[in-house]
Amino acid sequence: MKPLESLADLLLGACCPGCTAPGLGICQACLDAVNPAPRVILDGPPPVVACVGYHGPMPGIITAHKDRGATWLTSQLGQWLAHGLGPAIAAAPGHVDVVPVPSSNRAVRRRGVDHAADMTRSALQWLAVREATMARLLHRTRQVADQLEVRDDQRGDNQRGSMRADPGRGDVIVVDDVRTSGATADEACRALTRSGWRVLSIVVLADAATATRWP
Ligand SMILES: [Zn+2]
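Residues numbered from 1 in each chain as written. Predicted model: local features only at pLDDT ≥ 70, side-chain atom pairs only at ≥ 80, totals over all residues. Heavy atoms only, no water.

## Some thoughts on the sheet that holds strand 3 (residues 96–100)
- Reading across the sheet, the six strands line up as 1-2-8-7-3-4 and stay open at both edges, with mixed pairing between neighbours. The open sheet is flanked by strand 1 (39–42) and strand 4 (132–134), the only strands paired with a single partner. This sheet shows a mean twist of 30° between the axes of neighbouring strands, independent of strand direction.
- The pairing of strand 3 with strand 4 spans three bridges and is parallel. Opposite Val 98, over in strand 4, you have Met 134 as the bridge partner. (Pairing = 2+ DSSP bridges. Helix = DSSP H or I, 4+ residues; strand = E, 2+ residues; numbered from the N terminus. Axes fitted to C-alpha atoms, helices over the stretch in contact; angles between N-to-C directions.)

Given below as structure tokens:
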């Protein structure tokens with residue numbers, strides 16, 4: 001880790017990203033509130049699995065990781081993601097490539113990190129399974145706005161035609177951080193399918209698309 005990053009991490013870590021209470025890291029109340037419980041939020045095909053709800057401390061935690069460079073959260077997010085990714089990998093008929101949705105180009109340039117890929121790598125480390133490897137098969141073909149900052153009726157247009165996939169054959173699982181309208185995952189599936197891959201499922205960390213309440 002670069003010195004400046006670790007300093008920024010330390011400063012950001014001086015309050016809980018979930019509730020802004022003073023202290024180092026995520027506070028116990030926020031950890032207790034997250035309670036990962038993977039569930040199918042869309043039958044598909046491909047089915048969409050979410051690990052936690054996008055409420056309580058999650059918006060603050062995800063924003064800190066994504067937009068404020070709080071890389072010290074990667075391992076915790078990876079652990080929560082593993083709750084949904086593990087069963088999805090177990091359900092695959094054989095080896096599966098786990099494909100993170102690439103961040104928008106501008107965001108990656110600004111932060112120098114790709115949060116979905118970092119989270120996916122961490123989840124696979126937690127799971128320690130041999131049947132799955134991360135593969136960065138998706139690439140952005142143009143800049144897009146963050147889906148959380150785009151109006152509902154414009155999310156499809158924002159994502160449409162914005163990704164391409166490396167050509168190949170085999171089974172893949174797509175991973176993203178937050179599901180809003182589903183337009184990002186739809187675009188990822190379109191690009192992968194057109195390039196020869198079979199998308200078995202989509203695993204998102206947090207569901208902001210349905211009214212499902214997590215316990
Ligand atoms: Zn908190």
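## Side note on the packing of helix 4 (residues 74–90) against helix 6 (residues 115–127)
- Contact pair helix 4 / helix 6: the axes reach a minimum separation of 7 Å and the direction vectors enclose 65°. The orientation of helix 4 relative to helix 6 falls into the category roughly perpendicular. Crossing of helix 4 against helix 6: the hand is right-handed. Between helix 4 and helix 6, the residues in contact are Thr 74, Ser 75, Leu 77, Gly 78, Gln 79, Leu 81, Ala 82, Leu 85, Gly 86 and Ile 89 and Asp 118, Met 119, Thr 120, Ser 122, Ala 123, Leu 124, Trp 126 and Leu 127, respectively.
- When the residues that make up the contact of helix 4 with helix 6 are grouped by side-chain class, the tally is ten nonpolar, seven polar and one charged. (Parallel < 35°, antiparallel > 145°, perpendicular 65-115°, else oblique. Left-handed = near helix turned anticlockwise from the far one by under 90°. Contact = heavy atoms within 4.5 Å. Nonpolar A, V, L, I, M, F, W, Y, C, P; charged D, E, K, R; others polar.)

## Overview of helix 3 (residues 58–67)
- All buried positions along helix 3 are accounted for by Met 58, Ile 61, Ile 62, Ala 64, His 65 and Lys 66.
- Gly 69, located one to two residues past helix 3, shows a positive phi value of around 65°. (Buried < 20%, exposed > 50% of the residue type's maximum accessible area, 1.4 Å probe, protein only.)

## A closer look at the coordination of the zinc ion
- Binding of the zinc ion to the protein goes through Cys 16 (SG), Cys 19 (SG), Cys 27 (SG) and Cys 30 (SG), at separations of 2.3 Å.
- In terms of primary sequence, the donors binding the zinc ion are separated according to C-x2-C-x7-C-x2-C.
- A relative accessible area of 37% means that Cys 19 is categorised as partly exposed.
- Residue classification places Cys 27 among the partly exposed positions, given a relative accessible area of 21%. (Donors = N, O, S within 2.8 Å, 3.2 Å for Na, K, Ca; no water.)

## Some details on the environment of Asp 171
- Inspection of the secondary structure assignment puts Asp 171 in strand 7 (residues 170–179).
- Here Arg 198 takes part through its side chain, which lies 2.7 Å from a polar atom of the side chain of Asp 171. (Polar contact = N/O pair within 3.5 Å; in protein donor to acceptor, adjacent residues only side chain to side chain.)

## Let's talk about helix 8 (residues 183–194)
- Helix length check: helix 8 (twelve residues) gives 16 Å between terminal C-alpha atoms against 16 Å at 1.5 Å per residue, within 8%.
- Within the sequence span of helix 8, burial applies to Ala 183, Thr 184, Ala 185, Glu 187, Ala 188, Cys 189, Ala 191 and Leu 192.
- Looking one or two residues past helix 8, Gly 196 carries a phi angle of roughly 105°, positive in sign. (Expected span 1.5 Å × (residues − 1).)

## Regarding the nonpolar core
- Within the largest apolar cluster, 33 residues are counted, with the highest numbers of intra-cluster contacts made by Met 58, Leu 85 and Leu 205.
- Counting only elements with at least two residues in this core, the list comes to helix 2 (28–34), strand 2 (48–53), helix 3, helix 4, strand 3, helix 6, strand 7 and strand 8 (197–207).
- It is helix 4 that provides the largest number of residues to this core, a total of seven residues.
- Ignoring any residue separated from it by four or fewer positions in sequence, one finds Met 58 in contact with Val 34, Val 52, Gly 53, Leu 77, Trp 80 and Leu 205.
- With 21 residues, the next largest nonpolar core counts Val 48, Ala 50, Leu 138 and Ala 188 among its residues. (Core = buried A, V, L, I, M, F, W, Y, C linked by side-chain atoms within 4.5 Å.)

## Quick look at the pairing of strand 8
- Burial analysis of strand 8 places nine of its eleven residues in the buried class, the great majority of the element.
- Note that strand 2 and strand 8 share five bridges and pair parallel. From the neighbouring strand, Gly 53 faces strand 8, where its bridge partner is Asp 207.
- Looking at chain direction, strand 7 and strand 8 are connected through nine bridges and run parallel.

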